[in-house]
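Reading the structure
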There are 2 protein chains.
Amino acid sequence: MSAYQKLSEWLERAMAFQTAMVLFEWDNETLAPEEAGAYTARMQGALSAAYQEIMVSDEVKQLLEQCKEEALSEVERAIVREAEEERLQLVCIPPEEYREFQELVSASTRIWAKARREQDFESFAPTLEKLIACQKRFAGYRAKDGQKLYDVMLDTYEKGFTMEKLDGFFDLLKQELVPFLKQIKESPVQMEDGFLSGDYPEDRQRELAEYLAEYVGFDFRKGVMAVSAHPFTTNLHNHDVRITTHYSDRVDSSLFSVIHEAGHGIYEMGVPDELTQTLVGQGASMGMHESQSRFFENIIGRKEAFWVPLYGKMQELFPEQLGNVSREAFVKAINKVTPGLIRTEADELTYSLHVLVRYELEKQLIEEDLDVRELPKLWAEKYEEYLGVRPEHEAEGVLQDIHWSQGSFGYFPSYALGSAFGAQMYASMEKKLNCSQLLEDGRISVIREYLREHIHRYGKLKTSRELLMNMTGEDFNPRYYVDYLKEKYGKLYQVQA
Amino acid sequence: MSAYQKLSEWLERAMAFQTAMVLFEWDNETLAPEEAGAYTARMQGALSAAYQEIMVSDEVKQLLEQCKEEALSEVERAIVREAEEERLQLVCIPPEEYREFQELVSASTRIWAKARREQDFESFAPTLEKLIACQKRFAGYRAKDGQKLYDVMLDTYEKGFTMEKLDGFFDLLKQELVPFLKQIKESPVQMEDGFLSGDYPEDRQRELAEYLAEYVGFDFRKGVMAVSAHPFTTNLHNHDVRITTHYSDRVDSSLFSVIHEAGHGIYEMGVPDELTQTLVGQGASMGMHESQSRFFENIIGRKEAFWVPLYGKMQELFPEQLGNVSREAFVKAINKVTPGLIRTEADELTYSLHVLVRYELEKQLIEEDLDVRELPKLWAEKYEEYLGVRPEHEAEGVLQDIHWSQGSFGYFPSYALGSAFGAQMYASMEKKLNCSQLLEDGRISVIREYLREHIHRYGKLKTSRELLMNMTGEDFNPRYYVDYLKEKYGKLYQVQA
C-alpha cells in the first residue's frame with residue numbers, strides 16, 4: 001500500500017467523524033427535541049476530539065511527509081495539501097488552550113444571546129475581550145514570518161485576500177456606494193412594497209419554496225429542505241445537500257432565502273463524485289460560496305427576466321395578495337432600497353456597506369487594540385456615515401451578529417467578496433450567454449451549467465482567486481460589482497450613476 | 001486516573017460513534033434524499049469500524065482486566081460486564097469473516113426484497129443458506145462449552161432464555177391458544193369494524209397521533225415523532241427519543257402503532273441520567289422492550305377503560321367517520337380477532353401464534369439442518385394448523401419478514417416473550433393498582449410511573465428475568481399471558497375459556 005492509500009484510509013475516517021458532526025448540527029437546528037442539547041453535546045465533543053486526534057497524529061504527519069515522495073495526481077496533491085494545512089491549523093494550538101477556547105465559546109454564545117436580548121453590550125464586553133485575546137494568540141501561533149494577525153484570520157476564510165487587497169476593495173465601496181446611496185435616497189422614485197407583507201399562508205409559501213428551489217436547480221433526489229430559526233445550508237456529501245428556510249408574513253423573506261440557500265446547495269451538488277467525501281470535496285471558500293448563493297438570490301433572482309416565466313405561478317399561489325399586482329410592480333418591490341440597521345435584512349445595494357462597518361472595526365480590534373467598549377459608539381457613527389441610520393440600542397447595533405461571540409474574526413469580509421465575485425462572473429458570463437433571454441425562456445439551467453463547468457466542479461482544487469482568473473480571465477476586480485450596482489439601481493431610481 | 005476512568009473515556013468515544021450511527025439510520029429512514037444511501041454507507045462503515053476497533057483494542061482489554069481489581073459501584077460493575085460481553089462478541093469473530101458477513105447482509109436484504117416483490121422464494125434460498133451457515137459458524141465461535149448454537153443466538157437477544165425454557169412457553173401457547181382460537185372462530189359473536197377504514201384525513205390522524213403519544217406519556221421535550229415506511233423507535237440518549245409512524249386509510253393502524261412506539265419511547269425516557277450514554281443506558285432486552293410497547297398498545301390501549309376519557313376526542317377529530325359509532329362498538333372493533341397471514345398486522349390474540357411458527361422453524365434450521373427449500377411447505381402447514389389460514393404465495397408466507405435476510409435468528413421469540421412479560425406485569429400490578437379505574441379517570445401516569453419504578457429506571461442493570469422477579473415476585477411464568485388472553489377474548493366472544 002502506498003503512503004497515499006494509507007493516508008486516504010485515515011482521512012476517510014476523519015471525514016466520517018466530521019460528517020457525523022455535520023449531521024448532529026443539522027439535526028439540532030431542525031428537529032432535535034429541546035432538552036437533547038446538553039447530552040448530545042458530549043457526543044459531538046467526543047467526535048470532534050476523535051477527528052482532531054487523527055489529523056494531528058504522528059501517523060498522519062509521517063504519511064504526509066512520505067506522500068511528497070510519491071507520484072500523485074492533481075487531485076491527490078490537493079488533498080495532501082489540504083490535509084497538511086488542516087494539520088498545521090490544529091497542531092500549532094496547544095490542546096489545553098484549544099479546549100479552553102471551546103469552553104469559552106460555548107459560554108460566550110449564551111452570554112451574547114442574553115446581552116442581545118437585554119440590549120446590554122456591557123455584559124458581553126469582557127467575554128468579547130477574552131475571545132479577541134484568544135484569537136489573536138492563536139493567529140500568532142499560525143502566523144508565518146511577519147504576517148499580520150488579521151491577515152492570518154482573513155486567510156482562514158479566503159485565501160489570498162489580505163488587508164492590503166481588502167482595503168482596496170472596501171475603499172472602493174465606500175467611495176462609490178456611500179455617495180451613490182445618498183443620491184438614491186434623494187430620488188423622487190418611490191417603490192411600493194406593502195403587498196409583500198400580509199397573510200401569506202405558510203403551506204403556500206412552502207409550496208413556492210419547493211417549487212423555486214427545484215426551478216433554480218436544487219435537485220431533491222440529492223437534497224432536502226427543512227425549517228429552522230435561521231436559514232442555512234449544509235451537506236453530508238454531494239448526494240446529500242440540505243437547505244432550510246423560515247416562513248414569516250413577508251413573502252419575499254422566505255422566497256429569497258430559499259433561492260439563496262439553493263445557490264449554496266447547487267454549488268455542493270455540482271462537486272463531482274471524484275472529490276466528494278474528501279478534503280477537497282466542498283466549495284472553494286466562504287466567499288466563493290456566497291458568490292453562488294448571492295448570484296442566484298440577487299443577480300438572477302431579482303431580475304425582471306427571472307420572473308417572466310415564474311410570476312404567473314406566484315399569482316396562482318397568492319391570488320388575493322398578488323392577483324392585482326403587476327409583474328413590473330412586483331419586481332420593483334423586491335428591488336426596493338431601504339438602508340436599515342440589520343445586515344441580514346439588507347437589500348442588495350446596501351448589504352456590503354454593513355460588511356464594510358464590520359471590516360473596519362475588526363481591523364481596529366485586531367490590529368490597533370481598539371478597546372471593545374468603544375464599539376457601540378463607533379458602530380453607530382459608521383452606520384450613520386455609510387447608511388444614514390443610527391441604532392437606538394445595541395441589539396440592533398453591535399450585538400446583532402453571532403460571529404464574534406463564536407470567536408470568528410475575518411469571516412465578515414467574505415459576504416461582501418461573494419457579492420463582488422458574483423458580479424465579476426456575471427459580467428464575464430454575459431459575454432458568452434444572453435442571460436436575460438435565457439431567464440425569460442425558463443432556461444436557467446444553461447446558466448447553472450455554466451457555473452458548474454467553471455466553478456462547482458473544481459470543489460476546493462482551486463482558490464477563489466484562481467477560479468475567478470480561470471472563469472473571467474482576470475484576477476479579482478471589484479469594479480464589476482460597483483458598476484453592476486450603480487447601473488442597476490441608477491436605472492431603477494433614475495439617478496445619474 | 002483509575003482503570004475504570006480510563007475505560008470510561010474509551011467507552012464514551014465508542015458510544016459517540018454508535019450514537020452517530022443511530023442518527024444516520026434514523027435520518028436515512030425518515031429524511032435523507034433518495035440518492036444519498038450509497039455515499040452515506042461509506043461513512044457508516046467507517047464509524048462502525050472505529051467503534052469496533054475501540055471495543056476489541058488491547059487497551060480496552062487490559063483496562064477491563066484491571067477494573068476487576070478496583071472497587072466499583074453496582075453501575076460501574078454492570079458497565080464493565082456489558083463492555084466485556086460486547087468485546088467477546090466482537091473479538092471472537094475473525095475480522096475478515098465479519099466483513100464478509102456484512103457484505104453478505106448488505107446484498108441479502110436486497111435479494112430478499114426482490115424475491116418478496118416477485119413472490120419467488122427460490123431466488124432467495126441460496127442466500128438464506130449462506131446466512132444460516134455464517135450465523136451458525138459465528139455462534140460456534142461464541143458458544144461456551146457444550147452450548148447449543150440456537151441457544152447462543154437466543155441469548156443474544158434475551159439472556160437466560162434457552163430452548164428448554166422457550167419450548168415450555170411455546171408448547172403452552174400451542175396447547176392452549178390453538179384450540180381456543182378454533183372456539184373463537186366458531187363463536188356466533190361478530191365484530192363490526194368496517195368504520196375503522198375509510199377517508200381518515202392524514203392531518204387529523206397526525207393530530208391524533210401526537211395527542212395519544214403525549215397522553216400515554218411520550219414527552220415531546222425529550223422526543224420527536226416523524227413518518228417512515230415502517231414504524232420504529234430509536235434513541236440517541238434518554239433526552240432524545242424518536243418514534244415514527246405511518247398513516248394509512250385504517251385509522252387504527254397508525255393509532256396503535258403510535259401507542260406501541262410510544263411504549264418503547266417511554267421506556268427509554270425512563271432510563272435515568274446516571275445510566276444514559278453508557279453501555280447500560282438502554283432497555284434491558286428486546287423482549288423487555290416489547291413488553292412495554294405491547295403493554296401500552298394492547299393491554300392498556302385496547303381496554304374499554306382507556307377509551308373512556310379519550311373517545312370523545314376521537315369523535316371530535318373524525319365526526320363523519322365515528323360520530324355515530326358508540327364507544328362500545330369502537331372498542332369491540334379494535335379487539336376483533338382475525339387470524340391472518342401477516343405477523344405485523346396480527347391482532348392481540350393470534351400474534352404469538354405467528355411467532356410460534358417462526359420459533360419452530362428457526363429451531364429446525366439451526367439445530368436440525370432443515371433444508372431451506374422445505375420452508376415454504378412447512379410454513380404453509382404450520383399456518384394452516386395454528387391459525388387456519390394458508391398463504392397463496394411466498395410473499396405473504398415465508399418471505400414476509402426482513403429478519404432472516406439480515407442474518408437475525410433467535411430474534412422472533414422476543415416478540416412473544418414481550419407480550420407474555422407484559423401480561424405477567426399486569427397481573428402483578430393489578431394487585432397494587434386498580435388499573436381500570438385509573439384509566440377511566442385519565443390517570444394513566446400512575447401506571448406509567450409504576451413501570452418506571454419497577455422496570456425503566458434499571459436500564460440494562462438487570463436482565464429481563466431479574467426484572468420480572470423483582471417486580472412480580474416470581475420468575476417468568478407464561479400462564480399469566482394465556483390466562484389473560486383467554487379471559488379477555490373468552491368474554492368478548494362469549495366462549496367458555
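In what follows, the structure referred to is the one given above.
Keep in mind the model is a prediction, meaning the values are calculated, not measured. (Residues numbered from 1 in each chain as written. Chains lettered and ligands numbered in written order. Predicted model: local features only at pLDDT ≥ 70, side-chain atom pairs only at ≥ 80, totals over all residues. Heavy atoms only, no water.)

1. Focus: unusual backbone geometry
One non-glycine residue, Asp369 of chain A, lies in positive phi territory at about 50 degrees. Mapping Asp369 of chain A onto the fold places it in the loop between α16 (351-367) and α17 (375-387). On the basis of relative accessibility, which here comes to 58%, the residue Asp369 of chain A falls in the exposed class. Positive phi is not limited to glycine here, since Gln494 of chain B has a value of about 50 degrees. Mapped onto the elements, Gln494 of chain B comes out in the segment after α22 (479-492). The exposed category is assigned to Gln494 of chain B, whose relative accessible area is 65%. (Helix = DSSP H or I, 4+ residues; strand = E, 2+ residues; numbered from the N terminus. Buried < 20%, exposed > 50% of the residue type's maximum accessible area, 1.4 Å probe, protein only.)

2. Quick notes on the packing of aromatic side chains
The tally for this structure, following the rule as stated, stands at 63 aromatic pairs over all chains. With 4.9 Å between their ring centres and 75 degrees between their planes, Tyr200 of chain B and Phe318 of chain B make a pair best called edge-to-face. Placement of the pair is Tyr200 of chain B in the loop between α8 (163-186) and α9 (202-216) and Phe318 of chain B in the loop between α13 (311-317) and α14 (319-322), with a sequence separation of 118 residues. In this pair, the class of Tyr200 of chain B matches that of Phe318 of chain B, namely buried. Pairwise contacts between aromatic rings join Tyr157, Tyr351, Trp379, Tyr383, Trp404, Phe409, Tyr411, Phe412 and Tyr415 of chain A into one cluster. In this structure, Arg465 of chain A is placed above the aromatic ring of Phe161 of chain A, and the distance from its NZ or CZ to the ring centre is 5.9 Å. Stacked on the ring of Tyr211 of chain B, the Lys or Arg Lys313 of chain B has its end atom at 4.4 Å from the ring centre. (Phe/Tyr/Trp six-rings, centres within 6.5 Å; stacked < 30°, edge-to-face > 60°. Lys NZ or Arg CZ within 6 Å of the ring centre and 35° of its normal.)

3. Remarks on the interface of chain B and chain A
Contact residues are listed per partner, giving 39 residues for chain B and 39 residues for chain A. Of the roughly 3,600 Å² buried at the junction of chain B and chain A (both faces included), carbon and sulfur atoms supply 60%. Viewed at the interface, chain A and chain B are joined by 8 salt bridges. In this structure, Glu35 of chain A and Arg221 of chain B form a salt bridge, with 3.9 Å as the shortest nitrogen-oxygen distance. Connecting chain B to chain A are 16 residue pairs in polar contact (both at pLDDT 80 or more). At the level of secondary structure, the elements contributing two or more residues to the side of chain B that touches chain A comprise α1 (3-30), α2 (37-55), β1 (223-227), β2 (233-237) and β3 (240-245) of chain B. Element by element, the count of residues in the side of chain B that touches chain A is highest for α1 of chain B, at 10 residues. Of the residues assigned to the side of chain B that touches chain A, the class counts are 19 nonpolar, 8 polar and 12 charged. (Contact = heavy atoms within 4.5 Å. Buried area = accessible area lost by both parts, 1.4 Å probe. Salt bridge = Lys/Arg side-chain N within 4 Å of Asp/Glu carboxyl O. Polar contact = N/O pair within 3.5 Å; in protein donor to acceptor, adjacent residues only side chain to side chain. Nonpolar A, V, L, I, M, F, W, Y, C, P; charged D, E, K, R; others polar.)

4. Quick notes on the sheet that holds strand β2 (residues 233-237) of chain A
All names here are of chain A. Strand order in the open sheet made by the 3 strands is β1-β3-β2, with mixed pairing throughout. Each of the sheet's edge strands pairs with one partner strand only, and the pair in question is β1 (223-227) and β2. Across this sheet, the average inter-strand angle for adjacent strands is 20 degrees, counted without regard to direction. The pairing of β2 with strand β3 (residues 240-245) spans 4 bridges and is classified as antiparallel. When the sheet's bridge partners are listed, Thr233 is paired in β3 with Ile243. Packed onto the sheet, helix α1 (residues 3-30) meets β1, β2 and β3 and runs at close to 145 degrees relative to β2. (Pairing = 2+ DSSP bridges. Axes fitted to C-alpha atoms, helices over the stretch in contact; angles between N-to-C directions.)

5. A few points about the side chain of Gln52 of chain B
Residues and elements named next belong to chain B. Examined against the element boundaries, Gln52 turns out to sit in helix α2. The exposure class assigned to Gln52 is buried, which follows from its relative accessible area of 19%. Setting aside its immediate chain neighbours within four residues, Gln52 contacts Leu90, Tyr98 and Gln102.

6. Observations concerning the state of the cysteines
Residue and element names in this part refer to chain A. One pass over the structure, following the stated rule, counts 0 disulfides over all chains. Cys92 supplies the cysteine sulfur nearest to Cys134, a cysteine that is in no disulfide, at a spacing of 12 Å. The buried category is assigned to Cys134, whose relative accessible area is 6%. (Disulfide = S-S within 2.5 Å.)

7. A closer look at the relation of the copies chain B and chain A
Between chain B and chain A, which share one sequence, the superposing operator has a rotation angle of 180 degrees and an axial displacement of 0.0 Å; the RMSD is 0.0 Å. In the structure described here, the two chain copies are related by an operation that fits a two-fold rotation axis. For chain B, the smallest separation between a C-alpha atom and the rotation axis is recorded for Ala20 of chain B, amounting to 3.0 Å. The residues that chain B uses at the interface reappear at the interface of chain A in 100% of cases, marking a shared surface. (Least-squares fit on C-alpha atoms with pLDDT ≥ 70 in both.)

8. A closer look at helix α17 (residues 375-387) of chain B
Residue and element names in this part refer to chain B. With 13 residues, α17 ought to run about 18 Å at 1.5 Å a step, and its terminal C-alpha atoms sit 17 Å apart, in line with that. Here α17 has its buried residues at Leu375, Leu378, Trp379, Ala380, Lys382, Tyr383, Tyr386 and Leu387. Lining the buried residues of α17 we find α6 (125-142), α8 and α16 (351-367). (Expected span 1.5 Å × (residues − 1).)

9. Some points on the sheet that holds β3 of chain B
Strand pairing in a sheet takes place through backbone hydrogen bonds and is either antiparallel or parallel in direction. All names here are of chain B. Ordered by their spatial adjacency, 3 strands build an open sheet running β1-β3-β2, and the pairing between neighbours is mixed. Strands with a single pairing partner mark the edges of an open sheet, and in this sheet they are β1 and β2. The average angle at which neighbouring strand axes cross in this sheet is 20 degrees, direction not considered.

10. Structural notes on the packing of α6 of chain B against helix α7 (residues 149-157) of chain B
Residue and element names in this part refer to chain B. Following both chains from N to C, one finds α6 and α7 inclined at 85 degrees, their axes separated by 9 Å at the closest point. Overall, the two elements α6 and α7 adopt an arrangement that is roughly perpendicular. Counted together, Gln135, Lys136, Ala139, Gly140 and Arg142 of α6 and Leu149, Val152, Met153 and Thr156 of α7 form the full contact between these two elements. Split into classes, the residues belonging to the contact of α6 with α7 amount to 4 nonpolar, 3 polar and 2 charged. (Parallel < 35°, antiparallel > 145°, perpendicular 65-115°, else oblique.)

11. Considerations on helix α3 (residues 58-67) of chain A
Since one α-helical turn is 3.6 residues long, residues separated by three or four positions face the same way. All names here are of chain A. Every buried residue belonging to α3 is among Val60, Leu63, Leu64 and Cys67, and all of these are buried. Down the axis of α3, the buried set is contained in an arc of 105 degrees. They therefore lie on one face. Elements in contact with the buried residues of α3: α1, α2 (37-55) and α4 (74-91). (Arc of directions from axis to C-beta.)

12. Considering the pattern of salt bridges
Two side chains of opposite charge can pair, provided their charged atoms sit close to one another. Residues and elements named next belong to chain A. A full pass over the atoms with the stated rule returns 80 salt bridges over all chains. A salt bridge links Lys363 to Asp167; the shortest N-O distance between them is 2.8 Å. On the criterion of sequence distance, the pair formed by Lys363 in helix α16 and Asp167 in helix α8 (residues 163-186) is long-range, its members being 196 residues apart. Look at Asp167 and you get partly exposed, because its relative accessible area is 24%.

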